[in-house]
Amino acid sequence: MPVAVIPLAEDETERSFLRLRDTIGLRDFVFCLDEDSRLSWPERYGHVVRCRGFGLGKALEEGFRYAFRELGAEWAVKTDNHVEFLRPAREMLRPEWGRYVILPGHYTPEGVLTYGLYVDWLTWDWRWSYQPWRLLPCCTDPVYAIHRRLAELLWSRQPYCFMVPYWGKEALDLTLTLARLGHPVYAVDSVRVVHHYKKSWPKTRVARRCLEPWCCLLYTSPSPRDLSTSRMPSSA
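Overview of the structure. Note that the structure is predicted; figures quoted are calculated from it, not measured.

So, about the overall build of the protein. Helix and strand counts for the protein come out as 5 helices and 12 strands. Counting every position in the protein, which comprises 236 residues, the buried fraction comes to 54%.

This is the structure:
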């Protein structure tokens, strides 16, 4: 059973979630809130967990623990609330990919492919890159999925999956540690997501077309809805 794990800030809206729910293709949702969050709408749609304290890393840690250990999920799909899936999330949850952190293709609403800052799997050099035939650790991408066995592997070696004592690079410890253990990130562009603008974002950020600090603009492509050819190698 796959579960969507959704961290929520105070400006996340029910309307955005309904778009996500209608496109992600999953039925079970775990909402991760700070301890003082006043959001009430998530209770109508799934499980709500509150972290002790504040911060994305703490919220995700509680959400992943609940998904895997309380609900018995096989996969956890971490996703931002303001995301639209162009293909169902289940298409990237194949059994043979369970040894990787699975990363879908991320696009802007204008159809621009964006990706974040990575550490190269072979050289460990930092680079801006989208190369789906390589295995790259990621840091703060809005959507990724991991199998339960990888979370349990991390918990057997360290207290957390996520770098909960720190702010800003919450997934860095998860992805780099898994990569060093032989379970790096696999980019799967056959599943594509659109990261929509939140109404609370400053207009100057939207106008820059970079949209969020995690991403860079690589090239202008057709609308992702017009793209159907997968770049995934035939075998992982």
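As a further point, take helix H1 (residues 14-24). For H1, the set of buried residues is Ser16, Phe17, Leu20, Thr23 and Ile24. Down the axis of H1, the buried set is contained in an arc of 135°. They therefore lie on one face. Set apart from the buried face of H1 by more than 90 degrees, the exposed residues are Arg15 and Asp22. If you follow the buried residues of H1, they end up packed against strand S1 (2-7), strand S2 (29-33), strand S4 (75-79) and strand S5 (83-85).

Take the environment of Tyr66 next. By the element assignment, Tyr66 lies in helix H2 (residues 56-70). In sequence terms Tyr66 and Val48 are 18 residues apart; their C-alpha atoms lie 9.4 Å from each other. A polar atom in the side chain of Tyr66 sits 3.3 Å from the side chain of His47.

Axis separation between helix H3 (residues 148-157) and helix H4 (residues 172-180) bottoms out at 11 Å; the angle between their running directions is 95°. The orientation of H3 with respect to H4, classified from their angle, is roughly perpendicular. Of the residues in H4, those in contact with Leu150, Leu153 and Leu154 of H3 are Leu174, Thr177 and Leu178. For the contact of H3 with H4, the residue count by class is 5 nonpolar, 1 polar and no charged.

Within S1, 6 of the 6 residues are buried, leaving the element largely enclosed by the surrounding structure. Burial along S1 is two-sided: the residues Pro2, Ala4 and Ile6 and Val3, Val5 and Pro7 are all buried. Here S1 runs beside S4; their pairing, made up of 4 bridges, is parallel. Its bridge partner lying in S4, Val3 is registered against Ala76.

Looking at the secondary structure, you find Gly182 in the loop between H4 and strand S11 (185-195). Through-space distance from the C-alpha of Gly182 to that of Tyr100 is 8.6 Å; in sequence the pair is 82 residues apart.

On to the side chain of Thr79, then. Along the chain, the position of Thr79 falls in strand S4. Taking relative accessible area as the criterion, Thr79 reaches 0% and is therefore assigned buried. Once residues within four sequence positions are removed from consideration, Thr79 is found in contact with Ala4, Val5, Ile6, Pro7, Leu20, Ile24, Phe85, Pro142 and Val143.

It is worth spelling out the packing of H2 against H3 at this point. Their axes nearest at 11 Å, the elements H2 and H3 cross at an angle of 120°. What the angle tells us is that H2 and H3 run oblique. For the pair H2 and H3, the sense of crossing is left-handed. Note on element contacts: H3 touches H2 through Arg148, Ala151, Glu152 and Trp155, opposite Glu61, Phe64, Arg65, Phe68 and Arg69. Of the residues assigned to the contact of H2 with H3, the class counts are 4 nonpolar, no polar and 5 charged.

Formed by 28 residues in total, the largest nonpolar core has its most connected members in Ile6, Ile24, Phe31, Val77, Phe85, Met92 and Ile102. Secondary structure elements with two or more residues in this core: S1, H1, S2, S4, S5, strand S10 (143-147) and S11. Counting residues per element, this core draws most heavily on S11, at 4 residues. Discounting chain neighbours no more than four positions away, the residues touching Ile24 are Ala4, Phe29, Thr79, Phe85, Pro88 and Ala89.

Quick look at the side chain of Ser16 now. Looking at where Ser16 falls in the secondary structure, it is placed in helix H1. On the basis of relative accessible area, Ser16 is assigned to the buried category, the value being 15%. Within the structure, the side chain of Ser16 is placed 3.0 Å from the side chain of Thr13, a separation counted as a polar contact. For Ser16, the residues in contact, after removing those within four places along its chain, are Asn81 and His82.

Applying the stated rule across the entire model yields 7 salt bridges. Note that Arg69 and Glu152 form a salt bridge whose closest N and O atoms lie 2.9 Å from each other. Note that Arg69 is positioned in helix H2 and Glu152 in helix H3, a separation of 83 residues in sequence. Taking relative accessible area as the criterion, Arg69 reaches 43% and is therefore assigned partly exposed.

What counts, and at which threshold
Residues numbered from 1 in each chain as written. Predicted model: local features only at pLDDT ≥ 70, side-chain atom pairs only at ≥ 80, totals over all residues. Heavy atoms only, no water. Helix = DSSP H or I, 4+ residues; strand = E, 2+ residues; numbered from the N terminus. Buried < 20%, exposed > 50% of the residue type's maximum accessible area, 1.4 Å probe, protein only. Arc of directions from axis to C-beta. Contact = heavy atoms within 4.5 Å. Polar contact = N/O pair within 3.5 Å; in protein donor to acceptor, adjacent residues only side chain to side chain. Axes fitted to C-alpha atoms, helices over the stretch in contact; angles between N-to-C directions. Parallel < 35°, antiparallel > 145°, perpendicular 65-115°, else oblique. Nonpolar A, V, L, I, M, F, W, Y, C, P; charged D, E, K, R; others polar. Pairing = 2+ DSSP bridges. Left-handed = near helix turned anticlockwise from the far one by under 90°. Core = buried A, V, L, I, M, F, W, Y, C linked by side-chain atoms within 4.5 Å. Salt bridge = Lys/Arg side-chain N within 4 Å of Asp/Glu carboxyl O.

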